[in-house]
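For reference, the chains in residue letters:
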Amino acid sequence: MVVRFSIPNTAIMPVASQYRDGFASAYAVRLAGMLAWAAFSSSVRLTQVDLTGCVGDADGIPVISMGFDRVPFMMGALPAMKNGQCDVVPLDVDPLALLNLLRPVRYVGFFDGNRALTPITPLATPAVFLEKRVSEWQDQRALPEGLRGFLRADRACELDVMHDESPVSTDDVNAIMEENEGSPMVAELQLEAALAQLGESGEAGGVCEAGGTDETGVAKIGENGEIPLYCSRPGVRLIISLLDGDEHTRYWKLPDAVVDVHQNLGELAKNNGDYERAERELRACIKLAPTSVRFYEELSQVYARTDEYGKAADVLIGALKIAVLPIDCEVLYYRLGYALWQLGRLPEALACYAMMVNGGTPFRTAARDEAEEVSRQMGLPSPDMKYGDACDALRSGGVPVAPEGKVLDTIARAAICLTDAGFPLLAQDAAWMLGMRDGGDVIGAVAMSLRFGAEGRSKN
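The model shown is predicted, which means the values in this text are computed figures rather than measured ones. (Residues numbered from 1 in each chain as written. Predicted model: local features only at pLDDT ≥ 70, side-chain atom pairs only at ≥ 80, totals over all residues. Heavy atoms only, no water.)

Enquirer: Mind showing me how you'd approach the overall build of the protein here?
Expert: A tally of helices and strands in the protein yields 19 helices and six strands. A principal-axis box enclosing the C-alpha atoms of the protein has dimensions of 80 × 60 × 45 Å. By residue count, 47% of the 460 residues in the protein fall in the buried class. Of the contacts formed within the protein by residues at least 6 apart in sequence, a portion of 65% connects residues at least 24 apart. Accessible surface computed for the protein: about 21,900 Å², of which carbon and sulfur atoms make up 52%. Each charge sign in the protein was given a centre, from 42 positive and 64 negative side chains, and these centres are 7 Å apart. (Helix = DSSP H or I, 4+ residues; strand = E, 2+ residues; numbered from the N terminus. Buried < 20%, exposed > 50% of the residue type's maximum accessible area, 1.4 Å probe, protein only. Contact = heavy atoms within 4.5 Å. Areas by Shrake-Rupley, 256 points an atom, 1.4 Å probe, with all protein chains shown as cover. Lys, Arg positive; Asp, Glu negative; His and termini not counted. Charge placed at Lys NZ, Arg CZ, Asp CG, Glu CD.)

Enquirer: So what exactly am I meant to see when it comes to a nonpolar patch on the surface here?
Expert: A surface patch of nonpolar side chains, about 330 Å² in accessible area, is lined by Val-71, Met-74 and Met-75. For Met-74, a relative accessible area of 33% puts it in the partly exposed group. (Patch = residues over 30% accessible without salt bridge, like charges linked within 9 Å, V, L, I, M, F, W, Y side chains within 5 Å. Salt bridge = Lys/Arg side-chain N within 4 Å of Asp/Glu carboxyl O.)

Enquirer: Would you take a moment to explain the packing of aromatic side chains for this structure?
Expert: Where two aromatic rings form a pair, the distance of their centres and the angle of their planes describe that pair. Tallied over the entire structure, the rule returns seven aromatic pairs. With 6.4 Å between their ring centres and 55 degrees between their planes, Tyr-334 and Tyr-353 make a pair best called tilted. One end of the pair, Tyr-334, is in helix H13 (residues 326-342); the other, Tyr-353, is in helix H14 (residues 346-354), with 19 residues separating them in the sequence. Side by side, Tyr-334 and Tyr-353 carry an identical accessibility label, which is buried. Aromatic side chains Tyr-334 and Phe-363 sit 4.7 Å apart centroid to centroid with 5 degrees between the ring planes, which places their arrangement in the stacked category. Remark: Phe-363 occurs in the loop between H14 and helix H15 (364-377) and Tyr-334 occurs in helix H13; sequence separation between them is 29 residues. The class for Tyr-334 is buried, based on a relative accessible area of 10%. Three or more aromatic residues joined by ring pairs form one cluster here, namely Phe-40, Phe-68 and Phe-73. We note Lys-132 situated over the ring of Phe-129; from NZ or CZ to the ring centre the distance is 5.7 Å. (Phe/Tyr/Trp six-rings, centres within 6.5 Å; stacked < 30°, edge-to-face > 60°. Lys NZ or Arg CZ within 6 Å of the ring centre and 35° of its normal.)

Enquirer: Honestly, the pattern of salt bridges in this entry has me stumped. Any pointers?
Expert: Oppositely charged side chains can pair when the atoms bearing their charge come close. Evaluation of the coordinates by the stated rule reveals 21 salt bridges. Here Arg-250 and Asp-154 are joined by a salt bridge, their closest N and O atoms 3.0 Å apart. Placement of Arg-250 in the loop between helix H8 (234-237) and strand S6 (251-253) and of Asp-154 in the loop between helix H5 (145-151) and helix H6 (170-179) is noted, with a sequence separation of 96 residues between them. In this structure, Glu-348 engages Arg-345 in a salt bridge whose closest nitrogen and oxygen atoms are separated by 3.1 Å. Assessed through its relative accessible area of 12%, Glu-348 is described here as buried. Each of Glu-188, Glu-192, Arg-277 and Glu-281 takes part in salt bridges that share partners, so that together they form one network.

Enquirer: Would you take a moment to explain the sheet that holds strand S4 (residues 106-109) for this structure?
Expert: Backbone-to-backbone hydrogen bonds pair the strands of a sheet. The strands run either parallel or antiparallel. On the basis of which strands lie adjacent, the open sheet formed by four strands has the order S1-S2-S3-S4 and mixed pairing. In this open sheet, the two strands that pair with only one neighbour each are strand S1 (2-7) and S4. Going from strand to strand, the sheet's axes swing by 15 degrees on average, the running direction of each strand aside. Looking at chain direction, strand S2 (residues 48-55) and strand S3 (residues 62-69) are connected through seven bridges and run antiparallel. Paired with Asp-50 across the bridge in S3 is Gly-67. (Pairing = 2+ DSSP bridges. Axes fitted to C-alpha atoms, helices over the stretch in contact; angles between N-to-C directions.)

Enquirer: Teacher, can you tell me more about the nonpolar core here?
Expert: The nonpolar side chains of a soluble globular protein tend to be buried with one another. Judged by nonpolar contacts, the single largest core of 98 residues is most densely connected at Leu-151, Tyr-333, Leu-336 and Leu-418. With residues up to four places along the chain from it excluded, the contact list for Leu-336 reads Ala-313, Leu-316, Ile-317, Leu-320, Cys-352 and Val-399. If you look at the next biggest cluster of nonpolar residues, it comprises 28 residues, including Phe-5, Leu-46, Leu-51 and Ala-77. (Core = buried A, V, L, I, M, F, W, Y, C linked by side-chain atoms within 4.5 Å.)

Enquirer: Explain the pairing of S3 here, please?
Expert: Across a regular strand the side chains alternate sides, sitting on one face of the sheet and then on the other. In terms of burial, S3 is largely enclosed, as seven of its eight residues are buried. Here S2 folds back onto S3, and the loop between the two strands holds six residues, one of which, Gly-56, carries a positive phi near 90 degrees. Taken together, the four bridges between S3 and S4 define a ladder with antiparallel strand orientation. Of the residues in S4, the one forming a bridge with Ile-64 is Gly-109.

Enquirer: Just to check I follow, could you spell out the environment of Lys-132 for this structure?
Expert: Residue placement: Lys-132 occurs in the loop between helix H4 (127-131) and H5. Apart from the residues lying within four places of it in its own chain, the contact partners of Lys-132 are Arg-141, Gly-422, Pro-424 and Leu-425.

Enquirer: What exactly am I supposed to notice about the environment of Phe-295 here?
Expert: Locating Phe-295 in the fold gives a position in helix H11 (residues 294-305). According to the relative accessible area criterion, Phe-295 is buried, its value standing at 0%. For Phe-295 and Leu-282, which are 13 residues apart along the polypeptide, the C-alpha to C-alpha distance reads 6.4 Å. Aside from chain neighbours lying at most four places away, what touches Phe-295 is Tyr-230, Val-259, Gln-263, Cys-285, Ile-286 and Ala-289.

Enquirer: I would appreciate a short explanation of the side chain of Ser-25 in the present structure.
Expert: Residue placement: Ser-25 occurs in helix H1 (residues 20-42). A polar contact of 3.4 Å, which involves the side chain of Ser-25, links it to the backbone nitrogen of Leu-117. When neighbours within four sequence positions are excluded, Ser-25 is seen to be in contact with Pro-95, Phe-111, Arg-115, Ala-116 and Leu-117. (Polar contact = N/O pair within 3.5 Å; in protein donor to acceptor, adjacent residues only side chain to side chain.)

Enquirer: Sorry, what's going on with the confidence of the model for the protein here?
Expert: Interpretation of this model should avoid reading the predicted coordinates in detail wherever pLDDT is low. Taken over all residues, the pLDDT of the protein has a mean of 90, while the share at 70 or more is 93%. Per-element averaging of pLDDT across the protein places H4 at the bottom with 80 and helix H12 (residues 309-320) at the top with 98. Note that residues 202-212 has pLDDT below 50 and, in this model, 30 contacts with residues that lie over four places away or in other chains. (pLDDT = per-residue confidence, 0-100.)

Enquirer: So what exactly am I meant to see when it comes to unusual backbone geometry here?
Expert: A negative phi holds for most residues other than glycine; trans holds for most peptide bonds. A cis geometry characterises the amide bond from Ala-402 onward to Pro-403, with omega recorded as -5 degrees. Mapping Pro-403 onto the fold places it in the loop between helix H16 (387-396) and helix H17 (405-420). One non-glycine residue, Arg-103, lies in the positive phi region at around 50 degrees. The class of Arg-103 is exposed, set by a relative accessible area of 63%. The phi angle at Arg-152 is positive, at roughly 60 degrees, despite the residue not being glycine. Position of Arg-152 among the secondary structure elements: in the loop between H5 and H6.

Shown next as structure tokens:
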């Protein structure tokens with residue numbers, strides 16, 4: 001393990017000014033020892049840990065770097081930490097004495113005349129760690145056999161969803177829409193031309209190429225049966241096993257522009273009153289991006305335009321089965337609450353509005369007004385509903401309580417297994433998504449560590 005940690009600035013140390021330098025240095029040594037203890041406690045398989053302390057924050061100037069091997073640490077340093085030898089008051093300003101107790105087997109650090117730590121070149125990061133930080137789309141490493149069926153992929157690069165080198169980009173599609181804001185027919189023609197261009201290229205855009213698109217921009221099955229797939233973020237690629245297919249199913253990364261074009265064609269059709277085409281285009285988006293919930297929500301709005309609230313409710317319920325992020329869940333519950341209200345399913349509608357507490361969407365005021373109207377129709381004195389009661393009402397009406405446990409379990413399993421297998425960049429978004437549901441800052445910090453590693457953000 002490699003750890004990069006922050007050391008407080010000397011000026012904030014709670015001792016007299018003449019002792020602050022030594023106090024800060026001793027603090028850094030003690031903290032390194034504690035972090036090494038935590039590291040070795042995390043797994044019996046961990047045999048070495050290198051730690052580098054930086055002033056101010058983990059991206060600050062390195063001033064101390066030390067490495068420990070498991071057996072010497074457990075036999076010497078740990079007993080000294082446990083029996084209080086490291087805690088005696090004189091050592092509060094004597095970093096060298098602390099170092100002699102901890103006895104790191106690798107060390108870089110220098111003290112000035114006041115016992116202050118000075119800038120250093122830290123211990124080199126082992127090459128094995130750098131190998132694990134190859135960009136996702138370039139990572140040709142094979143996934144462990146136990147993960148291949150679960151993640152529907154054989155190589156790390158097959159899990160990349162962000163890298164895109166297709167001849168038509170999302171920016172190109174956005175430019176078409178902006179330049180033809182007042183000319184929807186021209187925009188439609190140019191969007192269809194963009195789909196044709198994507199079809200002619202026949203490329204998936206990246207190292208892991210497979211199927212491409214045909215002359216109409218419809219994504220094709222790859223030569224080995226790979227299914228085209230678009231994902232709005234890396235984390236939702238990891239829950240694909242919850243959908244159709246089996247452990248032998250494989251996917252290829254669809255160029256972002258293909259889905260962008262279908263989505264915009266659907267929006268143009270909806271605004272033009274052509275709801276049949278709007279439905280068709282958004283159904284295409286959902287087929288190509290089955291774990292990205294925004295297309296479900298947009299399709300529900302097409303059905304709402306034609307007062308087909310039963311269809312809208314079915315689509316939204318389907319989306320809630322895979323939704324994770326608070327903002328996604330809140331938008332879906334808002335739309336579903338209105339649809340169920342129009343269908344006369346008032347208890348479930350009120351429960352949907354009650355679920356809008358964590359996402360921070362701009363629908364809060366509208367949801368409150370609608371909930372009050374629903375409660376009046378139900379003869380209730382208030383729209384307020386306890387969370388447990390709302391969950392019961394939803395489940396009794398066949399509405400998921402999002403995020404569902406199996407979705408969170410799948411994301412957690414992916415994050416843990418990818419981390420253990422040495423693929424931190426593939427695990428970081430899953431950890432971030434879990435952190436958004438956790439309510440604390442620990443898992444979010446883990447996600448940042450997975451993303452940036454011990455080299456610091458500026459270097460990755």
